[in-house]
Amino acid sequence: MSRRASSAIAFAIFAAVVATIYGRGASPTAAAASPDGSAIFASKCAACHQANGAGAGPYPPLAGNADVTSADTATAIATVLNGRSGPIHVNGKTFSGAMPAWKDQLSNDDIAAVLTYVRSAWTNKAAAVTADQVAVARNPVAFSGRQIFAAKCAACHQASGQGSSAYPPLSGNPDVVAADPKGMIATIVNGRSGPLVVNGTTYNGKMPTWKGQLSNADIAAVATYVRSAWTNKASGVTEQQVAAAGAPVLTAVGASIYSAKCVACHGANGQGGGRGAFPALAGDALVNAASPAGMAAVIEHGRSMMPSWKGQLSPGDIAAVMTFVRSSWGNKGGPVTEQDVDAVK
Ligand code: HEC
Ligand code: HEC
Ligand code: HEC
């Protein structure tokens, strides 16, 4: 099976799971309003595959064809959407013709209806195909992104992407559609908090971190959706871009910065040192504060014998070491983003 087909299957499974969990699959009402599959078959398919589905000449049968009635509908959907040509083996016979692509002529509902017909006509007895399954095959990334958004983000940012007085809009938000998606990816990966100005309005809430809760592929999908939904028209986001945006805050990076730059004074276990001259960071109130702003300010500007790290460590490295310190030795501060560090005046 091709990689494309198997990834379509993976998305189909994903969508089915989401549909089961969130009840967003094919609804009976959608089925009632759906187009007539047998009429579409008669007008678009019967000339080649024959009204009785038996095929003829170079046109393979659809009746009694195991590919057509397979429980896994991804291949049949892909064939109707994109067409196919070249030798195909059906029931021990080889056919070699060209099946046209229907993606520009038939809607998702039409393709679902005609395949549902084909899978249940004549002697065939396979389950229906839903428009959602066709949508997944047509545009797997955007579709799964929409599902993830509905499940994980819409509660705060609203299905319309308009946000509310507490949550910033993602629709028409210049940060979201920026040519370079690095910043918005980092926000989704790491979360952020503190004042955020969008189109002249200031928000002051906490965007949760999705690291460890969504895979890089899911974050790429939801970021792609957010950048292209509503009135947004920005380019897609790849899994590699997500991996790159997540890297600076990796705890491992923070740990290595800590051992190079901080351990001499604050101790290997954050216990402090210098007979009390260097404070413990384990259990420290500022380190565990909900907002990382105070801690970031001390690190950036220094204070008494604590050196200033501004200009010596990049904002990404400061975010990384802060994330490490805030999550080590029993500390329970949340992760810190580059934007949190940049926000320190
Ligand atoms: C112009 C002729 C033609 C028309 C019209 C046509 N098909 Fe096909 N179809 C073919 C050919 C030829 C193949 C085999 C292609 C190959 O050899 O790779 C095929 C293959 C298929 C397959 C894959 C069968 C398998 O064993 O995997 C399906 C499913 C299918 N067609 C459904 C349809 C449906 C549904 C329509 C109408 C929307 C349609 N076809 C219209 C010519 C046609
Ligand atoms: C619990 C509520 C909540 C949820 C759930 C949530 N967000 Fe947010 N999001 C926020 C808040 C609050 C902010 C603004 C944070 C600030 O003030 O610094 C924000 C900010 C953002 C931003 C930055 C916008 C900008 O202008 O820089 C993006 C992008 C974003 N969220 C995307 C998402 C995505 C994608 C999801 C789902 C995976 C999601 N959010 C889920 C509350 C939420
Ligand atoms: C040369 C010794 C030294 C080094 C190196 C050093 N610090 Fe400090 N740090 C101090 C001292 C001293 C203080 C207390 C400052 C004061 O009394 O106001 C401090 C304070 C802090 C505080 C504030 C604690 C509080 O509750 O006020 C944080 C956070 C902190 N350091 C983190 C770091 C990090 C992260 C690094 C490495 C990037 C680092 N420090 C490197 C000496 C050091």
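Above this note sits the structure.
Every value quoted in this text rests on a predicted model; they were computed, and no experiment measured them.

Calculation rules
Residues numbered from 1 in each chain as written. Chains lettered and ligands numbered in written order. Predicted model: local features only at pLDDT ≥ 70, side-chain atom pairs only at ≥ 80, totals over all residues. Heavy atoms only, no water. Helix = DSSP H or I, 4+ residues; strand = E, 2+ residues; numbered from the N terminus. Buried < 20%, exposed > 50% of the residue type's maximum accessible area, 1.4 Å probe, protein only. Contact = heavy atoms within 4.5 Å. Areas by Shrake-Rupley, 256 points an atom, 1.4 Å probe, with all protein chains shown as cover. Donors = N, O, S within 2.8 Å, 3.2 Å for Na, K, Ca; no water. Tetrahedral: all angles 85-135°; square planar, octahedral: opposite > 155°, others 65-115°. Near = heavy atom within 4 Å. Polar contact = N/O pair within 3.5 Å; in protein donor to acceptor, adjacent residues only side chain to side chain.

Asks: So what exactly am I meant to see when it comes to the overall build of the chain here?
Replies: Within the chain one finds 16 helices and six strands. Burial statistics for the chain: of 345 residues in total, 40% are counted as buried. Within the chain, contacts between residues at least 6 apart in sequence are counted, and of these 57% link residues at least 24 apart. Accessible area of the chain: about 17,300 Å², with a carbon and sulfur share of 58%.

Asks: Explanation requested: the coordination of the iron atom of ligand 3 in the structure shown.
Replies: Ideal geometry at a metal centre: 109.5 degrees between donors when four sit tetrahedrally, and 90 or 180 degrees when six sit octahedrally. On the protein side, the iron atom of ligand 3 has His266 (NE2) and Met306 (SD) as donor atoms, found 2.0 to 2.1 Å from it. Seen from the iron atom of ligand 3, its six donor atoms lie at angles of 86 to 178°, and the figure they make is octahedral. Of this pair, His266 sits in helix α13 (residues 263-266) while Met306 sits in the loop between α14 (293-301) and α15 (315-326), placing them 40 residues apart in sequence. What makes Met306 partly exposed here is its relative accessible area of 22%.

Asks: How should the site of ligand 3 be read in this particular structure?
Replies: Lining the immediate surroundings of ligand 3 are 20 residues, of which Cys262, Cys265, His266, Arg303 and Met306 lie closest. Contact between ligand 3 and Asp284: an oxygen atom at 2.7 Å from a side-chain N or O atom of the residue. The contact in question runs from an oxygen atom of ligand 3 to an N or O atom on the side chain of Arg303, over 2.6 Å. At the level of elements, α13 and α14 are the ones that each hand at least two residues to the shell around ligand 3. For the shell around ligand 3, the leading source of residues is α14, giving three residues.

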